[in-house]
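As a plain string of letters, each chain reads:
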Amino acid sequence: MGLLDVERIFQYDYIFIDAVLLGIWLIFVIKYKKWKALKASIIFSILVYIIDAIWWWNSPWGTTFIREYWFDEIAVQHPFDPNIFINLLKLGADFMMTISYSLYAFTWLWIMFENFEKTDRKEIFLFTCLFFGFWLILPWISLIFPIYDLPVRTVRHMDTQLVAWIANVFIGYAILALIYGTNKFKSKNPKIILYVFIIGCTESFFMEFPLFLAGIRPINIGFLFYEIFFLFNQGAPYLYLLYDKIFPFLIKKKNNLFNKEK
């Protein structure tokens, strides 16, 4: 496996436990009425599913495909395995690594964006502890309790994405520097640039460190640091622009149109 062959090795009950913890996470999100964050994460979860479980799954990579699965050392066939049970297992794994991942990651990110101005420390602490805490304990619950220990191995061959990942980070932060580092758009606030970068690195750490710690992600310190700086920061600047500029603009346009029709 190369540096950018992103691998996970875990037991299938990891997916069941993840679903339970996700349910608890969503209860807190709903209890605290984080509707905008939830709506955004649902939208992004659909996009992530399409990219990962459909596009990458069907994109050739050498003699195989960008995304691969093995259940108990049996490779899942592309595009559809003739074994219906294998397809159901893949569906569960896809849900955990796309939908569940997104409902955690993008909801937390949106809540952190909301707290740049208002800074509700109790809210930041609560959702950060839930997010990082759940991801820390999840692998160990799976390892300790033999609920369904079917071995799962999954790989994403990401070397074809390397240039795009790095370019996305530099282009994204160049755009932030233009909008928030200058007065060209009358929104100068350099703190936003640093805040988004720190949040992006923190989010990547929350997601990657527990996998390395539990041995789910084979140990590679170089890759861990690469993921921390590039994994979520390739999208964080654009997501902040959606949060701060684009979505408010679209909502304002929609409201103006609605008022004219009344």
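Residues numbered from 1 in each chain as written. Predicted model: local features only at pLDDT ≥ 70, side-chain atom pairs only at ≥ 80, totals over all residues. Heavy atoms only, no water.

Chemist: Hey, could you run me through the overall build of the protein in this one?
Modeler: Tallying secondary structure elements over the protein gives 8 helices and 6 strands in all. Walking the protein from its N terminus toward its C terminus, one meets helices and strands in the order β-α-α-β-β-β-β-α-α-β-α-α-α-α. Principal-axis analysis of the C-alpha atoms places the extent of the protein at approximately 55 × 40 × 40 Å. Looking at the protein as a whole, 48% of its 262 residues qualify as buried. For the protein, the exposed area adds up to about 13700 Å²; of that, 71% sits on carbon and sulfur atoms. (Helix = DSSP H or I, 4+ residues; strand = E, 2+ residues; numbered from the N terminus. Buried < 20%, exposed > 50% of the residue type's maximum accessible area, 1.4 Å probe, protein only. Areas by Shrake-Rupley, 256 points an atom, 1.4 Å probe, with all protein chains shown as cover.)

Chemist: Help me understand helix H3 (residues 84-114) in this model?
Modeler: Residues that lie three or four places apart on an α-helix share one face, since the helix turns once every 3.6 residues. A rise of 1.5 Å per residue sets the reference length of H3, with its 31 residues, at 45 Å; its end C-alpha atoms lie 43 Å apart and thus fit the reference within 8%. At phenylalanine 95, H3 shows its maximal bend, which comes to roughly 35°. Most of H3 is tucked away: 25 of the 31 residues are buried. (Expected span 1.5 Å × (residues − 1). Bend = angle between axes of the 7 residues up to and from the residue.)

Chemist: Explanation requested: empty space enclosed by the protein in the structure shown.
Modeler: The final tally for this structure, using the stated rule, is 1 cavity of 30 Å³ or more. Roughly 50 Å³ of volume is contained in the largest cavity. What lines the largest cavity is Arg8, Tyr14, Asp18, Met96, Ser100, Tyr101, Tyr104, Trp135 and Leu138. Those elements that place two or more of their residues in the lining of the largest cavity are helix H1 (13-31), H3 and helix H4 (121-144). When its residues are assigned to classes, the lining of the largest cavity shows 6 nonpolar, 1 polar and 2 charged. (1 Å grid on protein atoms, 1.4 Å probe; cavity = no way out; pocket = protein on both sides within 12 Å on 5 of 7 lines; lining within 4 Å. Points joined across faces, edges and corners; volume = space filled by probe spheres on them. Nonpolar A, V, L, I, M, F, W, Y, C, P; charged D, E, K, R; others polar.)

Chemist: Before we go on, may I ask you to explain the pattern of salt bridges in this structure?
Modeler: Opposite charge on two side chains lets them pair, provided their charged atoms get close. Throughout the structure, instances matching the rule amount to 8 salt bridges. Two residues, glutamate 123 and lysine 34, come together in a salt bridge whose shortest N-O distance is 3.1 Å. Of this pair, glutamate 123 sits in helix H4 while lysine 34 sits in the loop between H1 and helix H2 (35-55), placing them 89 residues apart in sequence. Each member of the pair glutamate 123 and lysine 34 is classed as buried. Across the pair aspartate 94 and lysine 90 runs a salt bridge, and its minimum N-O distance is 2.5 Å. On the criterion of helical spacing, the pair formed by aspartate 94 and lysine 90 is a turn pair, its members being 4 residues apart in helix H3. Take lysine 90: its relative accessible area is 8%, and that puts it in the buried class. Counted as one network, the salt bridges with shared partners bring together Lys34, Glu114, Lys118 and Glu123. (Salt bridge = Lys/Arg side-chain N within 4 Å of Asp/Glu carboxyl O.)

Chemist: Would you mind going over the layout of surface pockets with me for this structure?
Modeler: A water-sized probe rolled over the atoms picks out the places where empty space is left. Computed from the structure, the largest pocket encloses a volume of approximately 870 Å³. Counting only elements with at least two residues in the lining of the largest pocket, the list comes to strand E1 (5-11), H2, H3, strand E6 (151-157), helix H5 (162-180), helix H6 (190-213) and helix H8 (236-261). For the lining of the largest pocket, the element with the highest residue contribution is H2, accounting for 6 residues. Grouping the constituent residues of the lining of the largest pocket by class yields 20 nonpolar, 5 polar and 6 charged.

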